[in-house]
Amino acid sequence: MTRFAAPIAEQIWDMKYRFKDADGTPKDVTVEDTWRRIARDLAQVEKDPAAWETPFYEALEDFKYLPAGRITAGAGTARRVTLFNCFVMGTVPDSMGGIFDMLREAALTMQQGGGIGYDFSTIRPKGADVKGVSADASGPLSFMDVWDAMCRTIMSAGSRRGAMMATMRCDHPDVEDFITAKSDPARLRMFNMSVLITDAFMEAVKADGSWDLVFGGKVYRTVQARDLWNGIMRATFDFAEPGVIFIDRINQANNLSYCETIAATNPCGEQPLPPYGACLLGSINLAKLVVDPFEETAQVCKTALRDLVATAVRMMDNVVDASNFPLEAQAREAQAKRRIGLGVTGLADALLMTGLRYGSDAAAAQTEEWMKEIARAAYLASVDLAKEKGAFPLFDAEQYLASGTMMQMDDDVRDAIRQHGIRNALLTSVAPTGTISLYAGNVSSGIEPVFAYAYTRKVLQKDGSRTEEEVVDYAVQMWRDRRGDAELPDYFVNAQTLAPMDHVKMQAAAQKWVDSSISLKISALTPSRMSTWPPGIRAARAARPTVRMT
C-alpha cells in the first residue's frame, strides 16, 4: 500500500479526491483504489477495456501522471459532474434576456465543478442608449457584479471554491472602470480579470498615440494609449489585477486559427478557449522520472517519459468521451476539436535532482529539452490515436500544418500529421497544479521554482476550522533522506531568493513547446526586493505578492 509522503497529502486525498458514500463512508479505502477507479472508468470507452485498465493504472501509480482534480475526484463515481476543469462560455448577447441566459449557463457549469471564463466586451457601455425602454445601459461591470454574486452562491452550496475569468477589450468604452474595479476590496472577488490587448493598441502605446474607445462602431471617447497602458500597470502593481492577454498573438499562434476565434481564457489563464470551449488538464510528474537523483549520472529517463506521455494522451482523449458536460454546446465543441492540456509538475524538483540551479542557462536549456520531448511525444501519440480512432472532426491538414505549434515541429511529425491526421487539436498546457502537487508529496508546482524548502501551511478542515501542517519540498526531503544533515548544495534555490527574471527565463524556455498557455506565479516580490524588479515585472506589492502571467 502506498504511503503518503506527508500528512497534508493524505488530508488532501481524503477531503478532495477520495470517493465516499453520501454518509462519508469511504469507497476508496486506499489511494490505489482511487487510481484503479480512474483507470477503470477511462478504459471503458476503449474497444477492449481490459487491455487498457492496467496501463492506465500504471501511469497513475506512484503519482507519475496526475490528472487534474475534476478527473481524480469524479471519474468512476457515477456522479453527475464534469471531468473538465475549465470552460469559456458562449458569447454574451447585448440584451437583457441574452445576458441572463448566459448567467444561467454559467451557474449550471459551476454547479458541476467547472471554472469559467467570459468576455464582457460584447455588452454595451455604461450610459449607452437602450432602445425601446427609454433607459441608459448599466454597463458590463454591473453585470459582472451579478456573476460574482452567483459564483459566491454556488460556492456556498459546494466544497470547491468558485473560479471565474473576466476579460474586456482594450478599446471598450468601460475599460478604464474595468481596470480599476479591484481597487474596491469587496468587489468582484470571485473573478480574475484581464484586459485583451491588441497589436494595434501596442503600436499606439509605442508611438505615444491616441486611442479610440469604441462600441458598435461609435467612438465614445479618445484617450492617450500610453496613459491607458500605464493605468493597467498601476492597477496591477497596486492590486495584482488586471492581467493582460495579448489576444492577437494568441489567435495568430492558435493551431485552430482557421476555425475559431478566442476572446477569453479559463480562470487561471493556461487555456485560451473559444466560445463554449472546454479543456481537461493533466500533468507529467517529472520528479518521479529522475533516475540516480543527486548523482553525477542523474537524468530524466527519456524512454519512460515518452511512454508515460503516450499513455497520458490516450487517457485524456478518453475523458472527452467519458465526461458529462453541463451544456450540450460544450459537448459539441469538445467533440469537434478534442483539445487536451497535458503539462508538467515537479520541474524544479527534477532540476534540483539533476544538479541544476533553477533560473540558470543550463536549467533553461534542460527545461526546453524536456518540454520539446513531451510535446513531440504527445503529438506523435495523438497521430497514433488518429490512425486508430480518427482525427478530430474539424481537422484540415493544410490549414492545421500552417498554424501555431506546427511551424516548429520536426518534419517527421508534420509528415505523420499530413498522412494520418491528428486526434487532438491542441495537446499541451501548463497549469499551476497547486493542490495535485501537494497530493503527490509536495513536488514543486507546474514549472515554478520550489516555493520554500519547508513552510507551515494552514489546512481547511471539514468543520470549517484550520490546522497548521509543516510542508517540506519533495526534493529537499529526498536529499535529507539520502544525505542526512549534509548542507544543501548551492544550486538549491527557491522562490524566496530568485530574481524575477529567473522566473521569466524559465517560462520563456518552457513555452516554446506549449501550444495553449502557461499559468504560473512570480512569488516573493516583496518591497525589500523592489529595486531588483525589471520595469515589466513590477506586478505586485507586499500585500499581494503573487502575479498571474497570461
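Please read these numbers as outputs of a predicted model, since none were measured by experiment.

Undergrad: Where do I start with the overall build of the protein chain in this structure?
TA: Looking only at helices and strands, the protein chain features 19 helices and 18 strands. In terms of C-alpha radius of gyration, the protein chain reaches 23 Å, essentially the compact-globule figure of 24 Å for 550 residues. Taken over the C-alpha atoms alone, the protein chain extends approximately 70 × 55 × 55 Å along its principal axes. Taken across its 550 residues, the protein chain has 57% of its residues classed as buried. Pairs at least 24 residues apart make up 72% of the contacts formed inside the protein chain by residues separated by at least 6 positions. Working note: accessible area of the protein chain is about 22,700 Å², and carbon and sulfur atoms make up 49% of it. Each charge sign in the protein chain was given a centre, from 61 positive and 70 negative side chains, and these centres are 3 Å apart.

Undergrad: Looking at this model, I keep getting lost on helix 19 (residues 500-511). Mind explaining?
TA: The α-helix advances 3.6 residues per turn, and as a result positions three or four apart in sequence lie on the same side. Counted at 1.5 Å a residue, the expected span for helix 19 with its 12 residues is 16 Å, and the 17 Å between its end C-alpha atoms agrees. Along helix 19, the positions that sit buried rather than exposed are P500, D502, H503, M506, Q507, A509 and A510. Buried residues along helix 19 sit against helix 13 (347-353) and helix 14 (361-389).

Undergrad: Help me out: how do you make sense of the pattern of salt bridges in this one?
TA: If charged atoms from side chains of opposite charge come close, those side chains can pair. Per the stated rule, a full pass over the model turns up 34 salt bridges. Residue R37 is joined to D28 by a salt bridge in which the shortest nitrogen-to-oxygen separation is 2.9 Å. With a relative accessible area of 3%, D28 lands in the buried category. Here the residues in one salt-bridge network are E46, R314, E388 and K389, joined through shared partners.

Undergrad: Looking at this structure, how should I read the side chain of N424?
TA: With respect to the element layout, N424 can be found in the loop between helix 16 (411-420) and helix 17 (434-439). Judged by its relative accessible area of 0%, N424 falls in the buried class. Within the local environment of N424, its side chain forms a polar contact with the side chain of D317, the two groups lying 2.9 Å apart. Within polar-contact distance, the side chain of N424 engages the side chain of S382 at 2.7 Å. What N424 contacts, discounting residues up to four positions off in sequence, is V313, D317, K337, R338, I340, S382, L385, F392 and Y400.

Undergrad: Help me understand unusual backbone geometry, please; the structure alone is not making it clear to me.
TA: Trans is the common state for peptide bonds, and a negative phi is the common state for residues other than glycine. That bond from E241 to P242 is cis: its omega, 0 degrees, falls within 30 degrees of zero. Mapped onto the elements, P242 comes out in the loop between helix 9 (225-239) and strand 10 (243-246). Of note in this structure, L188 is not a glycine but carries a positive phi near 55 degrees. Unlike most non-glycine residues, A240 shows phi in positive territory, near 60 degrees. Looking at where A240 falls in the secondary structure, it is placed in the loop between helix 9 and strand 10.

Undergrad: Hey, could you run me through the nonpolar core in this one?
TA: Across soluble globular proteins, you tend to see nonpolar side chains buried next to one another. Grouped together as the largest cluster of nonpolar side chains are 160 residues, with contacts concentrated most on Y65, W147, F201, I284 and Y439. Considering each element in turn, this core owes the most residues, 12 residues, to helix 14. Discounting residues that sit within four places of it in the chain, W147 has contacts with I99, M102, L103, A106, I116, Y118, F120, M164 and F191. Residues C86, A264, C279 and A431 belong to the second largest nonpolar core, which totals 8 residues.

Undergrad: So what exactly am I meant to see when it comes to the confidence of the model for the protein chain here?
TA: When pLDDT is low, close inspection of the predicted coordinates is not appropriate. On average, residues of the protein chain score 90 in pLDDT, and 92% of them reach the 70 mark or higher. Here residues 523-550 scores under 50 on pLDDT; set against residues more than four positions off or in separate chains, the count is 79 contacts.

Undergrad: Any chance you could explain the side chain of R124 here in plain terms?
TA: In this structure, R124 sits in the loop between strand 3 (115-119) and strand 4 (129-130). In this structure the side chain of R124 is engaged in a polar contact, spanning 2.7 Å, whose partner is the backbone oxygen of D129. Aside from chain neighbours lying at most four places away, what touches R124 is D94, D129, V130, K131, A137, G139, P140, H172 and F215.

Undergrad: I keep staring at the pairing of strand 7 (residues 191-197) and nothing clicks. Help me out?
TA: Along any regular strand the residues' side chains alternate between the sheet's two faces. Strand 7 sits mainly inside the fold: 6 of its 7 residues count as buried. Alignment of strand 6 (residues 164-169) against strand 7, held across 6 bridges, turns out to be parallel. Counterpart to A166 in the pairing with strand 7 is M193. Read as a crossover between parallel neighbours, the route from strand 6 over helix 7 (residues 175-180) to strand 7 is right-handed.

Thresholds, definitions, all that
- Residues numbered from 1 in each chain as written.
- Predicted model: local features only at pLDDT ≥ 70, side-chain atom pairs only at ≥ 80, totals over all residues.
- Heavy atoms only, no water.
- Helix = DSSP H or I, 4+ residues; strand = E, 2+ residues; numbered from the N terminus.
- Rg over C-alpha atoms; globule rule 2.2 N^0.38 Å.
- Buried < 20%, exposed > 50% of the residue type's maximum accessible area, 1.4 Å probe, protein only.
- Contact = heavy atoms within 4.5 Å.
- Areas by Shrake-Rupley, 256 points an atom, 1.4 Å probe, with all protein chains shown as cover.
- Lys, Arg positive; Asp, Glu negative; His and termini not counted.
- Charge placed at Lys NZ, Arg CZ, Asp CG, Glu CD.
- Expected span 1.5 Å × (residues − 1).
- Salt bridge = Lys/Arg side-chain N within 4 Å of Asp/Glu carboxyl O.
- Polar contact = N/O pair within 3.5 Å; in protein donor to acceptor, adjacent residues only side chain to side chain.
- Core = buried A, V, L, I, M, F, W, Y, C linked by side-chain atoms within 4.5 Å.
- pLDDT = per-residue confidence, 0-100.
- Pairing = 2+ DSSP bridges.
- Right-handed = clockwise from strand over helix to strand, strands pointing away.

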